[in-house]
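Residue-level structural notes
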Amino acid sequence: TFWRRVLDRLHAAGMAVVFCTPTATPPIWLTYGHPERCFRNASGKVMLHGSRQHAAYDHPDVRAACLRIVEALAKTLGQHPALVAWQLDNEFKCHVAEDYSDAAVAGWHHWLGDHFGTIEALNDAWATDVWSERYQCFDQVPAPGPTPFMHHAGLATAYRRADRERIAEFAEAQAAVLRAYSAAPVTHNFGLGFAVDFERMCTGLDFVSFDDYPSAKRWRTVVLDNDLFRNAKPGRAHWLMETSVAHNGWFGEHETVHPPGFLRAEAVASFALGAQTICYWLWRQQRAGCELPHSAVMSAWFKPGIGHESVAQVEAARMELHTLLTTTRPAAAQIGLTWSDHARVMLQTEPIGASSGRHSTDYRAIIDAWHGRLVDAGFHRDVRFEGADIDDLKLLVTPAMPYVSDAFLAKVERWVRAGGTWLCGPLTGMRTAEHGVSTVAALGAVEALAGVEVVFGWPVTGSETTVTTGGQTAELSGWCHAMRPIGADTKVMGVLAAAESAHAGPLAVITERPVGDGLVVMLTAEPQGEAGERILTTLLNHYANLAGVAATSSPTIGTIVVPRVSDTGETTWIAVNLDGRGGIVRDGDSVIAVEPYGWRLF
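Computed from a predicted structure; not experimentally measured.

Examining helix α3 (residues 60-77)
With 18 residues, α3 should cover 26 Å at 1.5 Å per step; its first-to-last C-alpha distance of 26 Å lies within 8% of that length. All of the buried residues in α3 are V62, A65, C66, V70, L73, A74 and L77. When α3 is viewed along its axis, its buried side chains cluster within an angular range of 165° and face the same direction. The outward face of α3, more than 90 degrees from its buried face, is lined by the exposed residues P60 and K75.

Describing the sheet that holds strand β27 (residues 590-594)
Strand order in the open sheet made by the three strands is β23-β26-β27, with antiparallel pairing throughout. A strand with exactly one partner marks an edge of an open sheet, and here the two such strands are β23 (554-555) and β27. Of the pairings in the sheet, the one linking β23 to strand β26 (residues 583-587) comprises two bridges and is antiparallel in character. By the bridge assignment for β26, P555 is matched with V585.

Comments concerning the layout of surface pockets
Empty space within the second largest pocket amounts to approximately 680 Å³. Contributing to the lining of the second largest pocket are 28 residues, with M150, H151, H152, A153 and T349 lying nearest its centre. Listed by contribution, the elements that provide at least two residues to the lining of the second largest pocket are α5 (119-126), α6 (153-181) and α11 (341-349). No other element matches α6, which puts three residues into the lining of the second largest pocket. The residue inventory of the lining of the second largest pocket, partitioned by class, reads 14 nonpolar, eight polar and six charged.

Calculation rules
- Residue positions are given per chain, counting from 1 as you read along its sequence in written order.
- Totals for whole chains, interfaces and linings use every residue, but because this is a predicted model, local features are given only for residues with pLDDT of at least 70 and side-chain atom pairs only at 80 or more, for both listing and counting.
- Computation of side-chain values: all heavy atoms of the structure, hydrogens and water removed.
- Every helix listed is a DSSP run of H or I at least four residues long, and every strand listed is a run of E at least two residues long, numbered separately from the N terminus.
- What a helix should span is 1.5 Å times the count of its residues minus one.
- Note on classification: 1.4 Å probe, protein chains only; a residue is buried when its accessible area is under 20% of the maximum for its type, exposed when over 50%, partly exposed between these limits.
- An arc is given here, and it is the one of the directions from the helix axis to the C-beta atoms.
- Pairs of strands are assigned from DSSP output, requiring at least two bridges between the strands.
- Site definitions follow a grid-based scheme: protein atoms alone, a 1 Å grid, a 1.4 Å probe that fits but cannot get out for cavities, and for pockets an open set with protein on both sides within 12 Å along at least five of seven lines, plus lining residues having an atom within 4 Å of a point.
- Grid points are joined across faces, edges and corners, and a volume is the space filled by probe spheres set on the points.
- Ten residue types, Ala, Val, Leu, Ile, Met, Phe, Trp, Tyr, Cys and Pro, are classed as nonpolar, four, Asp, Glu, Lys and Arg, as charged, and the remainder, Gly among them, as polar.

Geometric descriptors of this kind do not, in isolation, establish any biological role.
Okay, here's the thing in structure tokens:
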């Protein structure tokens, strides 16, 4: 076959191959004359052939065709000596979100039946008597398409969850076919903006990959990706499957070319943070298509491209670090940041506390901000899925997680009683599993564990409401829950003050309560501006110190330091400058200078 001849030539040249299943780009005959096989967005617009991700994966004909080509490839190439891994599809849901095709809606109705069991259970969970939304059977439940006002929160969130579960099932079906004919491990290349359930999808993979195209100004994104996907499959290294050698480019978008040295810094940081492999898009510039301006190692006429020298620099650094990287691994982190896919979906449905032009409530941006504070403070940190083990952590930060499951709360309580410190909120605990409001307490069972009672909640953006803690005061934005302690052991650490006297009083937005040998710290509103950042950084440093987090080196902002540990317990620190300004690292009495986009070992 054609692909066997290609792999034969690559193998003869000493090149290993990750083969990607072609299901993102089905041929014209699959959808021509069959609009029912095409993806339909929330407004009812059908996606046409000519790009990618335009097929409705829920349609039985599409699903069968996809699995048929996967099986043919697996049978033909599964034992080829050049093959080192399979990649499923390509960037699931990078261009589209939920599918509203007839097949997808039918899949939604099946999902509802599996999820609720009976229509009475759905009606009860969603309180569908509001606005006469009570349903008599699952087939009556609409997909959340166009309506005069807005859909029910429970319905909208459930539809997103159902769509993401079915994409995971599609990926698992492909993986099962591949594994029937091949022992090569299976991966997928994620991006944190894609409309998938990362935790669910990672369970079906042998190792995890991600794509990131950071600009020099967005250098923190590649740190976040590595910190999350490093922990997605414990014991298995992750890959950076795609990154740009110099700049992104497609019709209408031409990003700035990387400064000299940035690609090397990105690669060294990724290797230090646990990435096993880094691959580039593109190797050779496309001669046709829609990404003609995209940078590549080699031009379409096969001469070195603008990123060629940067790739050579990466390879030189990799060779220099090879022995260290293959004899050590990233040290275990003592601070974790929770990533919840359920929370991400809920905030897409209900960006609670958002204010047009004044305050955004975006899950990814919230995680970016908290992660950035940990990075800038010099902490070695993990980002861990909601279902991940936390026993080895000393401090866990869980912001913007509206639904806290019984299982998660029980896990956290056991860990806190054993000595952990949980920094919880804002927005955490304020919704039920089916996206409703608790009729017992504003923050559900979280309140009892924290030893607080929420008196009321309201949007505070622009209201001049402030928090004062440790002699510092900052204005609050977003949604605020005003608390008061309900036990003698709960301390008020941050006092609320509102411009309107009706909202004033001895209320709190930061509290602390000992539970067993540990602490539960509640933060129920978001301090803003420079003063707010000082408060939050002080908070993180204070509770990291109380939790006994091992001392870290102190890099200047823009430089990260990664501890790597050998099998004999020896630690080597890799310092990498990522902002292009250079930096210094203080290690006891020593001051170590790091050049712009440079790296040092100590």
